Amino acid sequence: MPAEKVPVAGDLDNDDYPAYTMGRAADILDTTPAFLRAVGGAGLITPLRSAGGHRRYSRSQLRIAARARELVAQGTPVEAACRIISLEDQLDDALRLNREMRRQLDQQGGRAVADT
């Protein structure tokens, strides 16, 4: 789905549905619209755009922004907080892939023993 267009009919139960305006998202996170723009500018989240060009955020994006907010509240600069979160996500993906590959190798090893 292109980042510039918000779906016409949304599913409010969907974590990726852009249900929140920038103002509402900032209120929920107890932060400012400038913080959300900074997190977006750092590439951590990319809000969708309404037909009028206004930023819209999903619950999943708000969770990511909330994590950045926690790091910033601890004294981490916004750019560094965004990089930390990005690296944490990459590590999670790598660990998940590693587990899957180990599982597959274990299954193949079990078949090789059974074939002999």
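Reading the values: the criteria
Residues numbered from 1 in each chain as written. Predicted model: local features only at pLDDT ≥ 70, side-chain atom pairs only at ≥ 80, totals over all residues. Heavy atoms only, no water. Core = buried A, V, L, I, M, F, W, Y, C linked by side-chain atoms within 4.5 Å. Buried < 20%, exposed > 50% of the residue type's maximum accessible area, 1.4 Å probe, protein only. Helix = DSSP H or I, 4+ residues; strand = E, 2+ residues; numbered from the N terminus. Contact = heavy atoms within 4.5 Å. pLDDT = per-residue confidence, 0-100. Pairing = 2+ DSSP bridges. Expected span 1.5 Å × (residues − 1). Salt bridge = Lys/Arg side-chain N within 4 Å of Asp/Glu carboxyl O. Axes fitted to C-alpha atoms, helices over the stretch in contact; angles between N-to-C directions. Parallel < 35°, antiparallel > 145°, perpendicular 65-115°, else oblique. Nonpolar A, V, L, I, M, F, W, Y, C, P; charged D, E, K, R; others polar. Polar contact = N/O pair within 3.5 Å; in protein donor to acceptor, adjacent residues only side chain to side chain. Left-handed = near helix turned anticlockwise from the far one by under 90°.

Asks: Help me out: how do you make sense of the nonpolar core in this one?
Replies: In a soluble, globular protein the nonpolar side chains are often hidden away together inside. Core analysis: the largest hydrophobic core is formed by 17 residues, its most contacted members being Leu36, Val39, Leu44, Ile45, Tyr57 and Ala68. When contributions to this core are tallied by element, the ones reaching two or more residues are helix H1 (22-29), helix H2 (33-41), helix H3 (59-73) and helix H4 (78-115). Discounting chain neighbours no more than four positions away, the residues touching Val39 are Leu44, Ile45, Ala68, Val78 and Cys82.

Asks: Quick question: what am I supposed to make of the confidence of the model for the protein here?
Replies: Atomic detail in the predicted coordinates should be set aside for any region of low pLDDT. Looking at the protein, pLDDT values average 89 and 85% of them are 70 or higher. Between the elements of the protein, mean pLDDT differs from a low of 89, seen in H4, to a high of 97, seen in H3.

Asks: Please explain the sheet that holds strand S1 (residues 20-21) as it appears in this structure.
Replies: By definition, the strands of a sheet pair up through backbone hydrogen bonds, in either a parallel or an antiparallel sense. Judged by pairing direction, the sheet is antiparallel, and its three strands sit side by side in the order S1-S3-S2 without closing on themselves. Unpaired on one side and paired on the other, S1 and strand S2 (48-49) mark the two borders of the sheet.

Asks: How should H3 be read in this particular structure?
Replies: At 3.6 residues per turn, the α-helix brings residues three or four places apart onto the same side. Taking 1.5 Å of rise per residue, the 15 residues of H3 would be expected to cover 21 Å, and the 20 Å separating its terminal C-alpha atoms lies within 8% of that figure. Turning to H3, its buried residues are Ser60, Gln61, Leu62, Ala65, Ala68 and Leu71. Phi for Gly75, located one or two positions after H3, is positive at around 105°.

Asks: What is the right way to look at the pattern of salt bridges in this model?
Replies: Oppositely charged side chains are able to pair whenever their charged atoms sit close together. Scanning all chains against the criterion turns up six salt bridges. Here Arg96 makes a salt bridge to Asp93, at a shortest N to O gap of 2.5 Å. On the criterion of helical spacing, the pair formed by Arg96 and Asp93 is a turn pair, its members being three residues apart in helix H4. A relative accessible area of 46% places Arg96 in the partly exposed class.

Asks: Would you mind going over the packing of H1 against H2 with me for this structure?
Replies: Helix-helix packing is characterised by the crossing angle of the two axes and by the distance between the axes. Direction vectors running N to C along H1 and H2 enclose 100°, while the axes themselves pass 8 Å from each other. As the angle between them shows, H1 and H2 are arranged roughly perpendicular. Contacts from Met22, Ala25, Ala26 and Leu29 in H1 reach Pro33, Leu36 and Arg37 in H2. Looking at side-chain class alone, the contact of H1 with H2 contains six nonpolar, no polar and one charged residues.

Asks: Whenever I open this one, the side chain of Ser60 confuses me. Can you help?
Replies: Within the element layout of this structure, Ser60 appears in helix H3. Judged by its relative accessible area of 16%, Ser60 is buried. One polar contact links Ser60 to Asp16, side chain to side chain, over a distance of 2.8 Å. Those residues in contact with Ser60, other than ones at most four positions away along the chain, are Asp15 and Asp16.

Asks: Could you clarify how one ought to interpret the packing of H1 against H3 in this entry?
Replies: Interhelical geometry of H1 versus H3 gives an angle of 50° and a closest axis separation of 10 Å. If you check the angle between H1 and H3, you find them oblique. Here the hand of the crossing between H1 and H3 comes out right-handed. The residues of H3 that touch H1, namely those facing Ala25, Ile28 and Leu29, are Leu62, Ala65, Ala66 and Arg69. Class assignment of the residues belonging to the contact of H1 with H3 gives a composition of six nonpolar, no polar and one charged.

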